[in-house]
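# Structural characterization, general
These are the residues of each chain, in order.
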Amino acid sequence: MKMVLAVVANNVAEAITDALLAAGFRTTRLASTGGFRREGNTTIMVGVEDEDVEPVLAILRSGVHTAASRKAAAAAAAAAPPGTAIQPSGRGAVFVLPLEGHLHL
């Protein structure tokens, strides 16, 4: 078993959790703060069997590239002075940890 912890931007968290639930993965969401600007994030926790790690990671990868994240990136680029480097929106961090077990209470 594995625990997948994903820290994602708030603007993509809803779409990611919806996609995970649609694929049959139960999730827990936590509000979190971090990064350079101390912006709000969402930490998504998913306990899965070893063979389900790759499908969960695929959903996470596709979720950070949603229309909402592209729209936020376009707005940031439009507001920035010419020549300013813009960090892509919707980026996140994923941790896959060993898990001895989990219970649904």
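Residues numbered from 1 in each chain as written. Predicted model: local features only at pLDDT ≥ 70, side-chain atom pairs only at ≥ 80, totals over all residues. Heavy atoms only, no water.

### Focus on the sheet that holds strand β1 (residues 2-9)
How we decide: Strands were regarded as paired on the criterion that DSSP finds at least two bridges between them. Note on conventions: DSSP H or I runs of at least 4 residues are helices, E runs of at least 2 residues are strands, and numbering of each starts at the N terminus. Between the N-to-C directions of two axes lies an angle of 0 to 180 degrees, each axis being a line fitted to C-alpha atoms and, for a helix, fitted only over the stretch in contact. Contacts between residues were defined by any pair of non-hydrogen atoms, one from each residue, lying within 4.5 Å.
Taken together, the four strands give an open sheet; going across it, the order is β2-β3-β1-β4, and neighbouring strands pair in antiparallel fashion. Since the sheet does not close on itself, it has two edges, and those belong to β2 (28-34) and β4 (93-98), each with one partner. Pairs of neighbouring strands in the sheet enclose a mean axial angle of 25 degrees, with direction left out of account. Sheet topology places β2 next to strand β3 (residues 39-48); seven bridges connect them, and they run antiparallel. If you follow L30 over to β3, its bridge partner there is T43. Relative to the sheet, helix α1 (residues 10-22) contacts β1, β2 and β3, its axis offset from that of β3 by approximately 15 degrees. Strand contacts of helix α2 (residues 53-63): β1, β3 and β4, with the helix running at about 5 degrees to β1, the strand carrying the most contacts.

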